[in-house]
Amino acid sequence: MSNTVKQVVYSEFGDPSQVLRVEDVARVDLGEGQARADVLRAPINPSDVIQVAGNYGVRPPLPAIAGNEGIGRIAEISGDARGLQVGQLVLLPAGAGTWRSEVVASAGAFVPMPEGDVDQLSMMMVNPATAQLLLTEFVELSEGDWIIQSAANSAVGTYIVQLAKTMGVKTVSIVRRESAVQGLLDQGGDVVLVDCPDLVKRVIQATNKSKIKLALDAVAGETFGRLGECLEVGGTLVNYGAMSNEHASMQAGAMIFRDIRVRGFWLVNWFERASKEERMAVYAALTKAVATGALHAPIDRIFTLEEVSEAARYTMTGERTGKVLLAPNGI
């Protein structure tokens, strides 16, 4: 075992392809009740890029280790390991700074996982959980109900399509480019449309005037308002992102006369209020969905830790066909 570990750090906020750097630091000794996990895979999520740029909901103190989720294998334990075993596959603690070769934390902070596809399991902590909770926390959906979502070709969006399909819920998926349409149809999307000024009219036509009770928005801007206008009277619009970098905009009349309820969602807030049992129930359901193939995200490319600047640059391009992952201990 080497005496040093590699980690991706940033000492200032800015363009991730410019401010991220890889450094070697001394390996720390384990304290009582701690465990050490070798990091196998860590995804690069839009939220990671936004956080490094300094535009996320919280700014970590600098210098900071980048990365908020991933999967690892327990390499060492000390004292009470709370059921962990050396060699066990685990989800890494959320927000622990996962773009590094190993993570040391309290044993209870790791989530034990069954053996499986490490690429798919590495992405479970953030995006699949967000998708699951967006579908279950705000509106009671029944088989045959309709929902509408923006940024549907994002990681969360594709998970929403897949999970909704298992629930028998029909989806209207809104994207920003024609080239993204077929991929969502292949994933099981019922209606896929490119965003435009007459979106409301096109949604009414495509769904045969079906009532839509839930809208999920990650774009903000004018798209936020268009989704709200697609809802039935008393419908709920949940915003969980602002990919447009614009303020969410909606005509006052749409909210007043259609009684649209607007909510916000941030996974960090859910983690803070959810019990351990609630968290485990969500991840148990998602693990089963991954194992059965009901939940799957395409992988575009996998980079080594030393290639993080290139990986960040590649992630920020708009024509990827799937997720970008880091492999801190080799591909």
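See above for the structure.
Calculation criteria
Residues numbered from 1 in each chain as written. Predicted model: local features only at pLDDT ≥ 70, side-chain atom pairs only at ≥ 80, totals over all residues. Heavy atoms only, no water. Salt bridge = Lys/Arg side-chain N within 4 Å of Asp/Glu carboxyl O. Buried < 20%, exposed > 50% of the residue type's maximum accessible area, 1.4 Å probe, protein only. Pairing = 2+ DSSP bridges. Helix = DSSP H or I, 4+ residues; strand = E, 2+ residues; numbered from the N terminus. Right-handed = clockwise from strand over helix to strand, strands pointing away. Disulfide = S-S within 2.5 Å. Axes fitted to C-alpha atoms, helices over the stretch in contact; angles between N-to-C directions. Parallel < 35°, antiparallel > 145°, perpendicular 65-115°, else oblique. Contact = heavy atoms within 4.5 Å. Nonpolar A, V, L, I, M, F, W, Y, C, P; charged D, E, K, R; others polar.

Caption draft 1: Broad picture of the pattern of salt bridges. This structure, assessed with the given rule, holds 13 salt bridges. Among the ionic pairs, Arg21 bridges to Glu23, the shortest N-O distance being 3.6 Å. Residue classification places Arg21 among the partly exposed positions, given a relative accessible area of 38%. The structure contains a network of salt bridges with shared partners spanning Arg27, Arg36, Glu76 and Glu102.

Caption draft 2: Spotlight on the pairing of strand E14 (residues 261-264). Relative to E14, strand E13 (residues 236-239) runs parallel, the two being bridged by 4 bridges. Residue Leu237 lies in a different strand from E14, and its bridge partner there is Val262. Crossover E13 to E14 through helix H9 (residues 252-258) is right-handed.

Caption draft 3: Region of interest: the state of the cysteines. Taken as a whole and judged by the stated rule, the model has 0 disulfides. Considering cysteine sulfurs only, Cys230 is the nearest to Cys196, which forms no disulfide, with 9.9 Å between them. For Cys230, a relative accessible area of 11% puts it in the buried group.

Caption draft 4: Main features of the packing of helix H4 (residues 127-136) against helix H11 (residues 276-292). Between H4 and H11, the shortest axis-to-axis distance is 10 Å and the interhelical angle comes to 110°. For the element pair H4 / H11, the angle class is roughly perpendicular. Between H4 and H11, the contacting residues are Pro128, Ala129, Gln132 and Leu133 on the first element and Val282, Tyr283 and Leu286 on the second. For the contact of H4 with H11, the class distribution of residues is 6 nonpolar, 1 polar and no charged.

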